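Here are the chains, one letter per residue:
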Amino acid sequence: MPIAVRPVAPAIVALLCGLLLVGCTSSETDSGPVNTEAGELSKFYDQTPTWSSCDEFETDAPLPSRLECARITVPIDYDAPDGATAEIAISRERATGDKIGSLLLNPGGPGGSGLSMATRAGGTPIADRFDVIGFDPRGVGASTPAVRCTTAEQADAERADLDTDMSPIGIDQTEREDRDYIAGCVGDSGDDLLAHIGTREVVRDLDIMRAVLGDEQLNFLGYSYGTRIGAAYAEQFPQRVRALVLDGAVLPDADPSDDTVAQAAGFQGAFDDYARDCAAVPACPLGQDPTQAVAAYRALVSPLADHPAATTDPRGLGYNDAITGTVQALYSPDQWRTLTAALRELARGHGDTLLQLADISEGRDDEGEYSNLNDAFNAIRCVDDPRVTDRAVAGDMDTRYRAAAPFLDDGRGTGSAPLDLCAQWPVPATSTPHRSEASGLPPVVVVSTTNDPATPYPDGVALADQLGGSLITYRGTQHTVTLSGVACVDDAVADYLVSLTPPPDGLTC
């Protein structure tokens with residue numbers, strides 16, 4: 001069955017590793033909140049954040065000492081502002097020069113922690129002119145309450161469970177397991193949080209963040225699912241946007257089945273590019289003929305369904321983790337050498353490196369504990385997207401998925417498939433598919449990569465058209481590119497954010 005791929009900006013992985021932490025101090029020179037709301041919501045807009053050390057905000061990795069962190073209170077249900085509240089965790093790296101305002105960043109997911117994003121613009125003109133703000137959206141990471149559905153032991157067990165049997169018995173078993181998972185979500189998180197976890201609420205939270213940071217208008221850089229947050233904000237608050245950069249478009253009007261198949265084709269394209277690159281290396285584990293790379297890859301991973309590879313970790317490397325680890329490495333060419341080493345290792349009967357890659361994707365740390373990335377991902381997408389409840393559609397999607405990505409096809413397709421987890425989700429969807437339209441929106445910038453495996457290039461073209469924005473095209477094979485060291489892209493984005501100068505028409509990098 002199709003794997004659930006989270007299109008999180010891959011550069012975030014590097015930001016999550018190896019950073020040291022010491023205390024941060026609060027400032028006495030912060031501007032006050034800009035209240036743009038009256039009535040019952042006014043108290044949330046009137047907050048002043050208390051900045052301090054990020055010690056208590058760590059979830060899946062240390063945060064650098066130069067960051068400050070704070071919490072902002074928001075209503076869980078905006079229709080009941082006197083009811084239960086949530087705390088949004090935010091981080092800040094101060095502007096080093098004459099400050100324009102704050103720039104909020106989101107890495108995507110959905111479900112990705114964004115606190116480390118505050119370091120993303122370091123060494124650029126952006127860092128000179130903006131307080132760079134990272135945040136964990138409601139229900140995610142260090143924000144509270146956080147969505148939880150499983151224990152660490154249950155998450156390990158789910159990864160080891162193949163769910164590849166497409167017979168009626170196998171489909172029924174998978175759907176029973178989904179119901180058990182959903183029961184865990186309801187038991188640990190509650191219906192109220194699950195019903196108010198989607199992008200609909202996140203954009204309201206984002207507007208409160210903008211106000212309490214002292215900005216009359218929003219500056220926002222969103223990657224992947226973060227583009228959906230940014231576009232939704234533009235639709236609801238177009239007059240409150242100063243600058244908007246959206247990299248790796250997730251279209252709000254996408255058909256979920258077509259979108260899943262398009263993503264599969266994108267990863268197949270990335271695999272093919274990787275195979276050509278690998279073929280030029282002596283002893284490529286997939287051989288020197290890229291046209292045979294899929295068959296060579298399947299010969300390495302298919303046996304793991306019955307016989308996991310040995311690992312130093314007692315779990316071993318099973319089939320699911322081998323696939324997950326491979327997909328993780330295909331997000332960026334920076335990880336291709338690691339994938340080559342991992343597949344060489346697998347050819348020798350060992351799976352440590354692929355298991356480590358899978359752990360990164362799944363949010364599992366060295367102590368065996370999980371971030372809530374997967375649980376938040378499921379909870380958010382299940383209220384954001386239309387639900388496939390037609391079994392014929394589910395079976396057709398599975399067939400098309402396998403055809404679009406042969407390297408992911410285990411050969412067990414039957415034309416039938418389980419309904420997606422969201423088909424049984426206990427609370428209704430809060431968003432509907434639609435074109436992005438934002439009357440009165442100032443010029444925005446969309447960045448799209450030609451061979452992006454997770455968010456297809458045409459979606460970026462479409463989003464730029466829908467929002468009437470400028471498009472920057474990057475020719476490459478990776479998921480998102482802004483602030484990853486490509487000067488052509490980064491300089492154009494910095495000019496836009498600082499001076500509001502749109503990039504030249506048709507800019508291609």
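1. Some details on unusual backbone geometry
The phi angle of most residues is negative, glycine excepted, and most peptide bonds adopt the trans form.
Then, in step 1: In this structure, Pro110 follows Gly109 across a cis peptide bond, with omega equal to -5 degrees.
Then, in step 2: Within the fold, Pro110 resides in the loop between strand E3 (101-106) and helix H3 (125-129).
Then, in step 3: Of note, the amide linkage connecting Thr144 to Pro145 takes the cis form, showing an omega dihedral of -5 degrees.
Then, in step 4: Positionally, Pro145 belongs in the loop between strand E4 (130-136) and helix H4 (152-160).
Then, in step 5: Positive phi is not limited to glycine here, since Thr480 has a value of about 70 degrees.
Then, in step 6: Relative to the helices and strands, Thr480 is located in the loop between strand E8 (470-474) and helix H17 (487-499).

2. With respect to helix H7 (residues 199-212)
Then, in step 1: Taking 1.5 Å per residue as the helical rise, H7 with its 14 residues ought to reach 20 Å, and the 20 Å between its terminal C-alpha atoms agrees with that figure.
Then, in step 2: With respect to burial, H7 is a largely interior element, 12 of its 14 residues being buried.
Then, in step 3: Listed as buried for H7 are Thr199, Glu201, Val202, Val203, Asp205, Leu206, Asp207, Ile208, Met209, Arg210, Ala211 and Val212.

3. Some remarks on the confidence of the model for the protein
Then, in step 1: Scored by pLDDT, the protein has a mean of 93; 93% of the residues are at 70 or more.
Then, in step 2: Note that residues 10-29 has pLDDT below 50 and, in this model, 50 contacts with residues that lie over four places away or in other chains.

4. Observations regarding the packing of H7 against helix H8 (residues 225-236)
Then, in step 1: At a minimum axis distance of 9 Å, the contact between H7 and H8 shows a crossing angle of 75 degrees. With respect to each other, H7 and H8 are oriented roughly perpendicular. On the side of H7, the interface is formed by Thr199, Val202, Val203, Arg204, Leu206, Asp207 and Arg210, while H8 contributes Tyr225, Arg228, Ile229, Ala232, Tyr233 and Gln236.
Then, in step 2: The residue inventory of the contact of H7 with H8, partitioned by class, reads 7 nonpolar, 2 polar and 4 charged.

5. Digging into the state of the cysteines
Then, in step 1: Under the criterion given, the structure shown has 5 disulfides.
Then, in step 2: The disulfide partner of Cys149 is Cys185, and the S-S distance across this bridge is 2.0 Å. Taking the sign of the S-S torsion, 110 degrees for the link of Cys149 and Cys185, the bridge is right-handed. With Cys149 in the loop between E4 and H4 and Cys185 in helix H5 (residues 168-189), this pair connects stretches of sequence that are 36 residues apart. Here the two residues Cys149 and Cys185 agree in accessibility, since each one is buried.
Then, in step 3: Between the sulfur atoms of Cys278 and its disulfide partner Cys284 the distance amounts to 2.0 Å.

6. Remarks on the packing of aromatic side chains
Then, in step 1: Counted according to the given criterion, the structure contains 7 aromatic pairs.
Then, in step 2: Note on Phe267 and Tyr331: the rings are 5.3 Å apart at their centroids and 80 degrees apart in plane angle, and the pair reads as edge-to-face. With a gap of 64 residues between them, Phe267 in helix H9 (residues 256-279) and Tyr331 in the loop between helix H11 (319-329) and helix H12 (336-347) connect regions that are remote in the sequence.
Then, in step 3: Seen from their ring centres, Phe271 and Phe407 are 4.6 Å apart, and the 15 degrees between their planes marks the pair as stacked. You can see Phe271 sitting in helix H9 and its partner Phe407 sitting in the loop between helix H15 (391-404) and strand E7 (445-449), a full 136 residues away along the chain. The pair Phe271 / Phe407 is uniform in exposure class, with both members buried.

7. Overview of the sheet that holds E8
Then, in step 1: With respect to topology, 8 strands assemble into an open sheet ordered E1-E2-E4-E3-E5-E6-E7-E8, the strand pairing being mixed. Of all strands in the sheet, those bounded by a partner on one side alone are strand E1 (68-75) and E8. Strand-to-strand twist across the sheet, computed as the mean angle between neighbouring axes with direction ignored, equals 20 degrees.
Then, in step 2: Relative to strand E6 (residues 241-247), strand E5 (residues 218-223) runs parallel, the two being bridged by 6 bridges. Looking at the pairing, Tyr223 lines up with Asp247 of E6.

8. Regarding the pattern of salt bridges
Then, in step 1: Within the structure shown, the criterion is met by 25 salt bridges.
Then, in step 2: Across the salt bridge formed by Arg138 and Asp205, the nearest N and O atoms sit 2.7 Å from each other. Pair noted here: Arg138 is in the loop between E4 and H4 and Asp205 is in helix H7, with a separation of 67 residues, a long-range link.
Then, in step 3: Taking the relative accessible area as the measure of exposure, Asp205 reaches 2% and is therefore buried.
Then, in step 4: Between Arg210 and Asp207 there is a salt bridge, with its nearest N and O atoms 2.8 Å apart. In this pair, Arg210 and Asp207 are both assigned in helix H7, 3 residues apart and thus about one turn of the helix distant.
Then, in step 5: Here the salt bridges do not stand alone but share partners, grouping Asp156, Arg159, Asp313, Arg315, Asp321, Asp359 and Arg364 into one network.

9. Observations concerning the packing of H9 against H15
For any two helices packed against each other, the geometry is given by the interaxial angle and the distance between the axes.
Then, in step 1: Interhelical geometry of H9 versus H15 gives an angle of 15 degrees and a closest axis separation of 8 Å. Classified by the interaxial angle, the pair formed by H9 and H15 is roughly parallel. In this structure, the crossing between H9 and H15 has a hand that is right-handed. Across from Pro256, Ser257, Asp258, Thr260, Val261, Ala264, Ala265 and Gln268 in H9, the residues of H15 making contact are Val393, Met397, Arg400, Tyr401 and Ala404.

Definitions and limits used
Residues numbered from 1 in each chain as written. Predicted model: local features only at pLDDT ≥ 70, side-chain atom pairs only at ≥ 80, totals over all residues. Heavy atoms only, no water. Helix = DSSP H or I, 4+ residues; strand = E, 2+ residues; numbered from the N terminus. Expected span 1.5 Å × (residues − 1). Buried < 20%, exposed > 50% of the residue type's maximum accessible area, 1.4 Å probe, protein only. pLDDT = per-residue confidence, 0-100. Contact = heavy atoms within 4.5 Å. Axes fitted to C-alpha atoms, helices over the stretch in contact; angles between N-to-C directions. Parallel < 35°, antiparallel > 145°, perpendicular 65-115°, else oblique. Nonpolar A, V, L, I, M, F, W, Y, C, P; charged D, E, K, R; others polar. Disulfide = S-S within 2.5 Å. Phe/Tyr/Trp six-rings, centres within 6.5 Å; stacked < 30°, edge-to-face > 60°. Pairing = 2+ DSSP bridges. Salt bridge = Lys/Arg side-chain N within 4 Å of Asp/Glu carboxyl O. Left-handed = near helix turned anticlockwise from the far one by under 90°.

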